[in-house]
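# Residue-level structural notes
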Amino acid sequence: MSRFSRRNFIQTCLAGGLILPQFKSLCKAASGSPKIPTRMVFLGMGFGVSTKGWYPSLRQAGAEYDLPKLLKPLARHKNDFSFIQNLSLLGEAPRTAAHAGSLYFLSDASAMQKVSINTALPSVDQVAAGIIGDETRFSSFVLAGRGIVGRFGGHGGGLRSLSWNREGGHMSATIGAFELYKKMYGDKKTGVKALQARLRQKKSVLDSLVRELNSLNSKLSVSDRVVLDQYSTSLREIEVQLQRSFEWATRETNLPHIEPPTEKISGIDEVKLTYDLITLAFQADLTRVASYMMPTETILQDLKVKTSPHGMSHYRGDISVAASHLRDETNAELLSYFFDKLKATKQSDGQSLFDHSMIAYGSALKSRHTRANGPMIFAGYGGGGLKQGLNVVNPSGVTPISNLWLSMLRQVDKNQSKFTSSKNTVSEIFG
Amino acid sequence: MLHNKKRISFVLIGSILGAFFSFVSLAVALEVDQYDVIKPFLDKHCISCHGPDKQKADFRIDTLGSTIKSSADAEHWQEMLDLINTGEMPPPEEPQPTSEELKAVLEPLYKTTSNARDVMVKSGNGKMRRMNRREYVNTVYDRLGVTPNENLLPVDPGDFGFDTFRKELVVTPTQLLGYMSSAEDLAKRLVALISSRESKPKEIKYIFGELLYKKKAELSTPRANQWARPMFERFVETLYKGKPSSISLVGDMEKLFKEGRSRGLDFWSATYDPLVVALASPNFIYIVEKRQALDQVEIANRMALLLWGAASPDEELVDLAKRKQLLSKKDFVEQILRMLNDKKSERFYESFGDQWLELDRLDLVVVDKDRFPDVAKNYDKLKVSMRKEVREFLKELIKNNEPANKLVSSDFTIVDPLLAKYYGVNYPRQKRGFQKVKLEGANLVRGGLLGKGAVQVLTSTGSRNSPVERGVYILRKLLNRPPPPAPANVPEVEDNKGENVALRELLSHHSTTAQCATCHARIDPLGFGMELFGPMGRIQKFENQHEVGKSGGVRINPSGQLPNGKSFNSYGQFASLLAQEDEKIARSYVSALMSYALGRPIGFTDRGQIDQIIEESRERGFKLAELTFRVCASPYFRTKN
């Protein structure tokens with residue numbers, strides 16, 4: 001795990017001026033001994049899974065259950081993750097969203113109020129980033145696989161990511177493992193002075209745009225000014241990011257060197273690399289929260305499957321059923337790989353990154369068009385206090401998925417008592 | 001008017017509404033006209049199925065009350081009016097109201113719905129939007145002669161209707177960063193272009209003037225700095241023609257330029273940031289319409305956005321607008337026709353055509369390699385040609401002001417050699433590219449949209465026809481009666497493993513299961529009307545005739561009936577009957593065009609306008625250029641709404 005040079009910290013804090021209020025927490029952190037942070041990963045798979053062979057029997061609730069055959073690759077981790085069955089989004093999807101596996105998956109926003117894809121409620125990963133994301137270079141990673149085509153990836157038409165920010169605005173993702181690599185490793189080339197000069201320059205451009213904004217604002221009707229507000233918010237957000245880059249320009253990132261990936265990396269290789277990069281980012285404390293809208297189409301292409309993702313999700317006939325099984329097995333293998341990586345990364349207390357993380361993997365879609373009782377695998381120990389290796393069975397159709405989200409938030413902030421539609425916490429796992 | 005024929009009741013819920021209609025509250029609640037007359041009618045004829053005991057089709061009437069408070073309320077009343085008016089409600093098997101009873105309620109219902117519309121339109125809900133990626137790229141090209149790199153701009157969320165929909169065209173930090181990167185990239189390319197020997201677009205020559213010939217040495221002197229401002233002035237004048245620019249823009253550009261120079265940048269590098277501000281300014285990227293009633297320059301912008309896909313009205317348009325002469329009837333008609341024939345209108349036929357007719361679905365069809373190996377190999381090329389055929393066809397009909405029902409039944413199509421061979425139609429000798437070909441005899445089936453390979457392929461699964469998809473397509477695109485979406489948790493029909501079971505049998509559940517039949521009785525027969533065409537758009541006598549190694553099998557059964565009850569036994573009859581529904585076809589076109597033009601789903605408030613456009617075009621047979629013109633001439637195109 002990365003340690004900032006304390007001297008650097010304090011010097012910069014004293015220099016003052018450029019630090020925005022939220023970074024003062026950095027100064028506070030410098031004084032005490034660093035506690036190992038909890039990390040969270042939210043994986044959305046889009047289309048639901050095969051009806052038979054993925055879910056453990058509902059009659060085998062508890063620690064003694066048979067691992068379903070499609071998930072054999074996860075056998076070596078069986079004691080370290082759990083199934084949480086019969087979780088549902090209580091809110092409805094718009095009627096045209098027949099395959100919206102990821103729409104409001106991390107927030108259940110439509111259960112609370114009238115929402116639309118661009119204006120909804122904050123997703124759990126962004127709420128978490130608000131709690132634990134200010135001390136790291138990036139408050140969170142919002143990721144999407146390459147080649148996802150809207151509703152045809154099973155995530156939902158027009159979706160750019162799994163995440164909605166703290167104002168409820170839908171967020172764009174870093175698309176593809178190559179872009180993520182650049183985001184993590186990119187800044188190394190430019191010298192600090194040059195980087196700072198460039199950042200100052202960009203700030204001048206932003207200032208000019210603010211003047212442009214003001215001139216337009218005065219000409220507009222009241223309701224149009226509300227629209228222009230988005231531009232203004234975006235400007236401010238860019239400014240904040242700019243300040244952050246400025247701040248972090250002087251710091252070491254402690255990222256180990258890896259072979260740069262090819263630009264066109266996609267499919268199974270891309271998912272593996274994404275898992276690798278998330279692990280490295282956690283290790284170097286570049287971020288502590290990640291959401292990932294996973295690809296389906298490119299994985300099917302790698303598996304040389306003939307059906308389209310949509311066709312597969314409806315499994316008409318033998319070919320698509322086989323495709324669905326193969327996809328589920330492959331995803332299980334990849335997930336198992338991710339757990340391996342996290343377990344292999346040691347932390348300063350002798351435990352592993354896996355012990356200090358929580359990973360949620362699932363979808364709002366059970367299968368085909370059914371948007372209830374979706375699949376959910378929950379792994380990791382979140383820094384302590386969690387039980388794993390369980391088949392948690394809830395009553396059908398009524399248990400809000402936000403129960404899990406609330407539970408995860410409480411792991412980093414005990415004061416959290418509700419998250420959107422939550423009614424309870426998942427006590428079998430969280431105690 | 002009562003229809004005595006036995007009809008299957010068809011639910012219109014959601015039929016006019018888009019997925020995300022804006023929820024409008026009325027400023028003042030409206031009382032339902034003559035509620036004391038309407039209520040007893042509802043109690044007698046409606047409440048038993050749409051009341052506290054039963055809510056058929058999820059529609060409940062007793063809770064509506066006597067006041068209309070929102071657009072949702074208004075939609076309900078409009079629906080009731082429509083269904084009573086066409087005789088669909090009460091259903092034929094129930095006791096029917098007398099003519100006197102009907103007359104007594106229809107009048108106040110009409111009055112109520114009209115009043116609601118008036119009140120709602122006046123509340124003006126059209127929100128400002130930014131240009132989408134397509135429009136931005138086209139606008140910059142039209143103004144500067146150089147195309148920006150569109151890959152630097154985020155993809156617009158495109159799954160909700162047209163890419164002009166206002167709700168989706170917001171500015172996020174990523175979007176703004178995209179505009180800034182794209183602008184920086186463009187600035188760099190402009191500079192590279194200037195320094196190169198390549199021929200430069202006339203706009204560039206005008207903007208940069210003498211600077212094009214200045215040597216590097218000259219440009220590095222301090223004296224050179226004074227040349228920047230006039231150049232920025234010309235840049236803004238050119239880029240912002242027809243758009244509002246701020247007074248401080250040029251000054252800001254000059255300031256940034258000077259800052260860059262003092263930091264040691266050379267002349268050209270110091271122009272990047274100034275150009276970024278001009279290209280990423282909200283004055284440029286938003287479509288600004290200051291007041292409820294648009295001024296003529298703003299209308300000219302809308303016309304250019306619609307018909308040329310860019311906020312770049314040319315000299316002629318801007319000139320007329322500035323002299324306040326654009327809206328004189330004669331000038332307006334002339335301009336619309338000129339625009340429809342201008343080369344830039346290709347963008348309209350392509351963008352509107354592709355989106356309205358959902359041609360992007362061609363990319364999502366995975367051709368079954370085992371069943372159709374020959375098609376699978378060539379699919380990439382075939383797709384391109386099939387798309388172009390539809391666009392050229394649409395262009396031909398609109399440009400030449402053909403009647404709307406030619407969309408269903410025409411005696412020509414427009415193909416390239418590849419498609420001509422695929423269809424087996426004659427292609428004129430010694431010609432190249434896409435040519436108009438006359439269709440005769442058996443080939444007549446290739447006329448109209450439903451005869452196009454593109455439409456046939458995008459409504460298949462890649463392995464088999466999907467009569468349901470085809471039926472839905474026809475209802476949505478041509479008959480202006482989109483069916484409600486499938487219920488979310490409907491169990492999937494199991495695919496039958498038997499090879500020689502007819503498609504109709506596979507879908508038999510749709511007619512035997514009560515909850516499915518209501519909608520599917522309207523959808524499936526239409527889809528079956530297209531059975532002549534296989535999943536790869538080839539004419540077939542047997543189902544899946546072109547599958548490898550197959551001969552014979554189940555004969556196709558191209559019979560069925562239209563929603564109005566008329567039946568057919570062949571595709572030819574089907575197309576003829578459909579073509580008679582010219583008013584519906586015209587409405588479909590007008591609704592789609594209006595939605596695209598106004599940047600929102602078509603809803604309750606638009607009925608009046610659409611009705612008027614239809615009435616005015618009826619006499620001449622609903623000609624397409626005329627319909628296009630009337631959409632542009634409608635008050636909704638000239639106001640924010």
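Residues numbered from 1 in each chain as written. Chains lettered and ligands numbered in written order. Predicted model: local features only at pLDDT ≥ 70, side-chain atom pairs only at ≥ 80, totals over all residues. Heavy atoms only, no water.

## Some thoughts on the overall build of chain B
Filter applied, for reference: Under the scheme used here, helices are H or I runs from DSSP no shorter than 4 residues and strands are E runs no shorter than 2 residues, and both carry numbers assigned from the N terminus. Residue exposure (1.4 Å probe, protein chains only): buried if accessible area is under 20% of the type maximum, exposed if over 50%, otherwise partly exposed. Throughout, a residue-residue contact means that at least one pair of heavy atoms, one from each residue, lies within 4.5 Å. All accessible areas in this document rest on Shrake-Rupley with a 1.4 Å probe, and a residue is counted as covered only by the protein chains that are shown.
Helix and strand counts for chain B come out as 26 helices and 8 strands. Expressed as a percentage of the 641 residues in chain B, the buried residues total 56%. Summarising the internal contacts of chain B: among those between residues at least 6 apart in sequence, 71% fall at separations of at least 24. Of the roughly 27,900 Å² of accessible surface on chain B, a fraction of 51% belongs to carbon and sulfur atoms.

## Some words on the domain arrangement of chain A
Many descriptions give the size of an interface as the accessible area lost when the pieces come together. All names here are of chain A. Selection rule: Residue ranges labeled as domains rest on an automatic or database domain assignment. Once two parts are joined, some of their accessible surface, as seen by a 1.4 Å probe, is lost; buried area is that loss totalled over both. When a carboxyl oxygen of Asp or Glu lies within 4 Å of a side-chain nitrogen of Lys or Arg, that pair is called a salt bridge. Within 3.5 Å is the distance limit for a polar contact, defined as a pair of N or O atoms, with the added protein rule that one can donate a hydrogen and the other accept it, and that residues adjacent in sequence qualify only through two side-chain atoms.
Domain parsing of chain A yields domain 1 (39–184 + 260–430) and domain 2 (189–258). Placing a centre on the C-alpha atoms of domain 1 and another on those of domain 2 gives a separation of 31 Å. Of the residues lining the interface, 15 residues belong to domain 1; the matching set on domain 2 comes to 9 residues. Across the interface of domain 1 and domain 2, roughly 970 Å² is buried in total on both sides, 66% from carbon and sulfur atoms. Looking only at domain 1, the three residues that lose the most surface to domain 2 are Arg 137, Leu 280 and Ala 284, adding up to 49% of its buried area. Counting across the domain 1 and domain 2 interface gives 0 salt bridges. In this assembly, domain 1 and domain 2 are joined by 3 residue pairs in polar contact (both at pLDDT 80 or more).

## What about the pairing of strand β7 (residues 357–362) of chain A?
All names here are of chain A. How we decide: Any two strands with at least two DSSP-identified bridges between them are counted as paired.
By the criterion of burial, β7 is predominantly enclosed, with 6 of the 6 residues buried. Burial along β7 is two-sided: the face carrying Ser 357, Ile 359 and Tyr 361 and the face carrying Met 358, Ala 360 and Gly 362 are both buried. Inspection of the sheet shows strand β1 (residues 39–44) paired to β7 by 6 bridges, in the parallel sense. If you follow Met 40 over to β7, its bridge partner there is Met 358.

## Here we look at the packing of aromatic side chains
So the rule is basically this: Ring pairs are drawn from Phe, Tyr and Trp, using the six-membered ring of Trp, whenever the two centres fall within 6.5 Å, and their geometry is named by plane angle: stacked under 30 degrees, edge-to-face over 60, tilted for the rest. To sit over a ring, a charge needs its Lys NZ or Arg CZ within 6 Å of the ring centre and within 35 degrees of the ring normal.
Under the definition given, this model contains 38 aromatic pairs over all chains. Ring geometry for Phe 378 of chain A against Phe 430 of chain A: centres 5.3 Å apart, planes inclined by 35°, an arrangement best described as tilted. Placement of the pair is Phe 378 of chain A in strand β8 (residues 376–379) and Phe 430 of chain A in helix α12 (residues 427–430), with a sequence separation of 52 residues. On the basis of relative accessibility, which here comes to 13%, the residue Phe 430 of chain A falls in the buried class. Among the aromatic residues, ring-to-ring pairing joins Trp 54, Tyr 55, Tyr 65, Phe 81, Phe 83, Phe 339, Phe 354 and Tyr 381 of chain A into one connected group. Sitting above the plane of the Phe 412 of chain B ring, Lys 436 of chain B keeps its charged end 4.4 Å from the centroid.

## Looking at the pairing of strand β2 (residues 81–85) of chain A
Residues and elements named next belong to chain A. Counting buried positions along β2 gives 5 out of 5 residues, so the element sits mostly inside the fold. The two faces of β2 match: Phe 81, Phe 83 and Gln 85 on one face and Ser 82 and Ile 84 on the other face are all buried. Looking at chain direction, β2 and β8 are connected through 3 bridges and run antiparallel. Bridged to Phe 83 within β8 is Ile 377. Sheet topology places β2 next to strand β9 (residues 391–393); 3 bridges connect them, and they run parallel. Bridge pairing in β9 places Ile 84 opposite Val 392.

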